[in-house]
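Topology and contacts: notes
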Amino acid sequence: MAFRDGPFDNLKAPLAWVSAGAVILAVIAAIVLLLSDRRDVEDPNYALARSGVDAVAAPVGGVFAAPVRWVGQASDYVRGYFFAVSENRRLRAQVAELEPWRDQAIALKNVNARYESMLGLRVEPAVDMVTARSVSESRGPFVNARLIDVGRDGGVRIGNPVINEHGLVGRVVGATGGVSRVLLATDVASRTPILIDRTDARAMLTGDGSGNPRLDYLRGEDAVREGDRILTSGDGGGIPRGLPVGVAARGIDGTWRVKLFTDRDAIDYVRVLLFQDFAQLADPEALNAPPLAAANTAPPPDAATTARIADQEARRRTRDEEEVRRVAEAEAQRRRDAAAQAAAPAPAAPQPAPEEPQE
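One structure accompanies this document, and this report is about it. Note that the coordinates shown come from a computational prediction; the quantities given were computed from them, not determined experimentally. Chains are numbered independently. Their residues run from 1 in the order of the written sequence. Selection of residues for local features in this predicted model requires a pLDDT of at least 70, selection of side-chain atom pairs for listing and counting requires 80 or more, and totals for whole chains, interfaces and linings are taken over all residues. Side-chain metrics in this entry use all non-hydrogen atoms of the structure; hydrogen atoms and water are not considered.

Concerning the pairing of strand β12 (residues 269–273)
So the rule is basically this: The cut-offs for exposure are 20% and 50% of the maximum accessible area for each residue type, with area from a 1.4 Å probe on protein chains only; residues under the lower value are buried, those over the upper are exposed, and the others partly exposed. Numbering of helices and strands starts at the N terminus; helices are DSSP runs of H or I of at least 4 residues and strands are runs of E of at least 2. When DSSP finds two or more bridges between a pair of strands, those strands are recorded as paired.
For β12, a buried count of five out of five residues is recorded, marking the element as mostly surrounded by other parts of the structure. Of the two faces of β12, the one carrying Tyr-269, Arg-271 and Leu-273 and the one carrying Val-270 and Val-272 are both buried. As paired strands, strand β1 (residues 129–139) and β12 are joined by five bridges and run antiparallel to one another. Note on β12: the bridge partner recorded for Ala-132 is Val-270. Taken together, the two bridges between strand β3 (residues 161–163) and β12 define a ladder with antiparallel strand orientation. Across the sheet, residue Ile-163 finds its bridge partner in β12, namely Arg-271.

A look at the pairing of strand β10 (residues 244–250)
In terms of burial, β10 is a largely internal element, five of the seven residues being buried. Strand direction decides the pairing type here: β10 and strand β11 (residues 256–260), joined by five bridges, are antiparallel. The partner of Gly-246 across the bridge, within β11, is Leu-260. Joining the antiparallel neighbours β10 and β11 is a turn of five residues, in which Gly-254 adopts a positive phi near 90 degrees.

Comments concerning the sheet that holds β3
Hydrogen bonds between backbone groups are what pair the strands of a sheet, and the pairing can be parallel or antiparallel. Filter applied, for reference: Angles run from 0 to 180 degrees between N-to-C directions of axes, and those axes are lines fitted to C-alpha atoms, restricted for helices to the stretch in contact.
Sheet architecture is closed into a barrel: six strands sit in the order β1-β2-β5-β4-β3-β12, paired in antiparallel fashion. Direction aside, the axes of adjacent strands within the sheet are offset by 45 degrees on average.

Here's the deal with the pattern of salt bridges
Basically, it comes down to this: Any carboxyl oxygen of Asp or Glu that lies within 4 Å of a side-chain nitrogen of Lys or Arg is treated as forming a salt bridge with it.
Applying the stated criterion to the full structure yields 19 salt bridges. A salt bridge links Asp-200 to Arg-241; the shortest N-O distance between them is 3.6 Å. On the criterion of sequence distance, the pair formed by Asp-200 in the loop between β6 (191–196) and β7 (202–206) and Arg-241 in the loop between β9 (229–232) and β10 is long-range, its members being 41 residues apart. By relative accessible area, which is 41% here, Arg-241 ends up partly exposed. Across the salt bridge formed by Glu-313 and Arg-317, the nearest N and O atoms sit 3.7 Å from each other. Separated by four residues within a single helix, Glu-313 and Arg-317 lie in helix α5 (residues 303–343), roughly one turn from each other.

Side note on the nonpolar core
What counts is decided by this rule: Note on terminology: a nonpolar core comprises buried Ala, Val, Leu, Ile, Met, Phe, Trp, Tyr and Cys residues joined through side-chain atoms within 4.5 Å. Contact definition: two residues touch when any of their heavy atoms are within 4.5 Å.
By size, the foremost hydrophobic cluster in this structure holds 22 residues, and its most contacted members are Ile-194, Leu-205, Leu-215, Ile-230, Val-245 and Val-258. Going through the elements one at a time, β6, β7, β10 and β11 are the ones with two or more residues in this core. The greatest single-element share of this core, amounting to three residues, is contributed by β11. Other than its neighbours up to four places away in sequence, Ile-194 contacts Ala-201, Arg-202, Ala-203, Met-204, Leu-205, Leu-215, Ile-230, Leu-231, Thr-232, Ser-233 and Val-245.

Remarks on a nonpolar patch on the surface
Note the cut-off: Distance thresholds for patches are 9 Å for like charges and 5 Å for nonpolar side chains (Val, Leu, Ile, Met, Phe, Trp, Tyr), applied to residues having over 30% relative accessible area and no salt bridge. In this description, accessible areas are obtained by the Shrake-Rupley approach with a 1.4 Å probe, and a residue is regarded as covered only by the protein chains that are shown.
Where nonpolar side chains cluster on the molecular surface, the patch consists of Tyr-77, Val-78, Tyr-81, Phe-82 and Phe-83 and spans about 660 Å² of accessible area. Secondary-structure assignment places Phe-82 in helix α2 (residues 44–82). A relative accessible area of 60% places Phe-82 in the exposed class.

The structure is reproduced here in C-alpha cells:
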C-alpha cells in the first residue's frame, strides 16, 4: 500500500511544511553560529552583523538556559532531600575529625601570641636571650620558685634575670645541664634594686611571700605615688636597667608595695637574659684604643700655620733663655754678696762699763 493510500495521507502536506521550516531554521542557526564564531574578521559590515547577532543571541540563550538551570536546581534539591541523612553523617564525622585540629590551632595561636610579645620586649643595651618554658612550680608561704627547661647547655648561669612578655619574673638561683631554678620576685629571699620612673628615686624590692612585694629603703619626699611605674635600676650590675617590674600601690598596712606586671597571666613561657655584669657589654678594643688614635688622620699644616708655629717656638725659646740668664745672674749676685759678708771683719765686742767705788 502506497503512502498516499494509507492513514497518513492527510499528514503529507503538514509534514512537508514542518520539514521545510526545520531546514530553514537549521540554515539560520548555522549562519548565526558562523557569524558568532569568526572573531578575526576585520570587515566593518561583518562586525556590525556580528554585533547584531550577539545582541539577539544573548537574551535568547538566557531564555533557553533558564529551564536547564531550573531542572538542575530541582534535581539538587531532590538529591539533597533524599541524601540528607548520609550527608549529615559525613559532616558529623568531618567535624569530629577537625575538632582536635581546631583545639591545636587555638593552643598554637596562644603560644604564638606569647612568643611575639616576648620577642617584642627589648632591653637597653641589647642582651642575648634564650626562651624557656616553666615545667614545675614550688609555691608556699615562704617559697616561690619555678623550674624551667633550659640550663647550662643553653648558656644559662646563676644570677641571670628572667622575664616574660610583661616584665621581670625573677632570677636564676640554680642551673644544671638542661634545667634551671628561678627564684620569683615574690620569694622572701628575693632582693631587686629598682627605681621609680617618675622621680628616679632608688629603692629595694623585697619579696615577703605575698603577691605584692614591698618597697624598702625608699628615701626622699614625694618619692613615690600611687600608680608610679617601677623599673629595674641596674644598681649592683646584676640586672640590666629599665626592665618593667610593676606599679606602686599603698598596702593596707600603710607600706608601699608593687603590683607586678607578671601577675596578669600565668608564668609559663619566659626568656632568660644571658647577663652577668656590665663588663660583658663593653667592647675591649674600643676601651683599649689609644687616646691619640686620630692624630695621624689630621691634615698637614699649611705655610702660614707652619710659620706661626715656628715664630711661637722661637719666642718661647727666647723667653726660656732670658729666664735662665736672669736666674744665673741672680745666683751670681747672691754668691758675691755671701763672699763679701764673709770677708768683712767681725765687729769688736762692747767693753763693760767700769764699776763705781762704794762708800
